[in-house]
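Here's the letter readout for the chains.
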Amino acid sequence: TAAFGKWHLAPAWETSPSGPFDRWPTGLGFETFYGFLGGETDQFEPTLYSGTTPVMRPPGDDYHLTEDLADQAIRWMRRQQAVTPDKPFFLYFATGAVHAPLQVPQQWIEQYRGRFADGWDALREDIFTAQKALGVIPASTRLTSRPGELPAWDSLSKDEKRVAERFMETFAGFLAHTDAQVGRLVDELKTSGE
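From a predicted model like this one, the values you see are computed outputs, not experimental measurements. (Residues numbered from 1 in each chain as written. Predicted model: local features only at pLDDT ≥ 70, side-chain atom pairs only at ≥ 80, totals over all residues. Heavy atoms only, no water.)

Novice: Before we go on, may I ask you to explain a nonpolar patch on the surface in this structure?
Specialist: Residues Leu102, Val163, Phe167, Phe171 and Leu175 make up a contiguous nonpolar surface patch of about 440 Å² in total accessible area. Mapped onto the elements of the fold, Phe167 is located in helix H4 (residues 158-192). With relative accessibility at 54%, the residue Phe167 sits in the exposed group. (Patch = residues over 30% accessible without salt bridge, like charges linked within 9 Å, V, L, I, M, F, W, Y side chains within 5 Å. Areas by Shrake-Rupley, 256 points an atom, 1.4 Å probe, with all protein chains shown as cover. Salt bridge = Lys/Arg side-chain N within 4 Å of Asp/Glu carboxyl O. Helix = DSSP H or I, 4+ residues; strand = E, 2+ residues; numbered from the N terminus. Buried < 20%, exposed > 50% of the residue type's maximum accessible area, 1.4 Å probe, protein only.)

Take a look at the structure:
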């Protein structure tokens, strides 16, 4: 059993290198843990643990935590299969995406440049229409009102729209990047015949 990534289950006062470790992954049934504690961590310079030992991230200028987690998980699966091919395994994979901080390599953000320029009101209408067309929701479904806490896109200033648009591009890029890393795990399982 192995846990890779976010472990937001131990109380904050128990997340130091001196423990106690009974609510860390290795204290709750996982033989291997590589990841971070708490709700969020820097995706480029994370606070990482291997088991209960603090570790530095692997070196390199193009480091990203989600890629590292996928690399570590794939290596672990390969070791398990090489040493004990008939033994079943359980792997828990929890990325930091798309929780704050929203951090992803620039090229993943740029592929969404301009995609959200019409704003969230138009986007939710487009998504709603697409869901109906795909049969995800019944054709008779009516779009709910925009929540009152969320301002109308047209009420925002030019600068507010620019910032909100960039947030949406970054969120989408972070999600797509995470999807690609999960895809690597799925590919590894297929390649190994699992």
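From this point on, the discussion continues.
Novice: Looking at this model, I keep getting lost on the sheet that holds strand S5 (residues 91-94). Mind explaining?
Specialist: Hydrogen bonds along the backbone pair up the strands of a sheet, which may run parallel or antiparallel. One open sheet holds the five strands; their spatial order is S4-S3-S2-S1-S5, and the pairing between them is mixed. The sheet terminates laterally at strand S4 (53-55) and S5, the two strands that pair on one side only. Going across the sheet, the axis of each strand differs from the next one's by a mean of 25°, ignoring polarity. Bridging between strand S3 (residues 48-50) and S4 involves three bridges; their strand directions are antiparallel. (Pairing = 2+ DSSP bridges. Axes fitted to C-alpha atoms, helices over the stretch in contact; angles between N-to-C directions.)

Novice: So what exactly am I meant to see when it comes to unusual backbone geometry here?
Specialist: The bulk of non-glycine residues show a negative phi, and the bulk of peptide bonds are trans. With omega at 5°, the peptide bond leading from Gly19 into Pro20 counts as cis. Take Pro20: it is sitting in the loop between strand S1 (2-7) and strand S2 (32-37). Following Ala100, the chain continues into Pro101 via a peptide bond in cis, with omega recorded as 0°. If you trace the backbone, Pro101 turns up in the loop between S5 and helix H2 (106-110).

Novice: Teacher, can you tell me more about the environment of Ala172 here?
Specialist: Along the chain, Ala172 falls in helix H4. Sequence-wise, Ala172 and Ile109 are 63 residues apart; in three dimensions their C-alpha atoms are separated by 7.2 Å. Excluding residues within four positions of it along the chain, Ala172 makes contact with Tyr112 and Phe116. (Contact = heavy atoms within 4.5 Å.)

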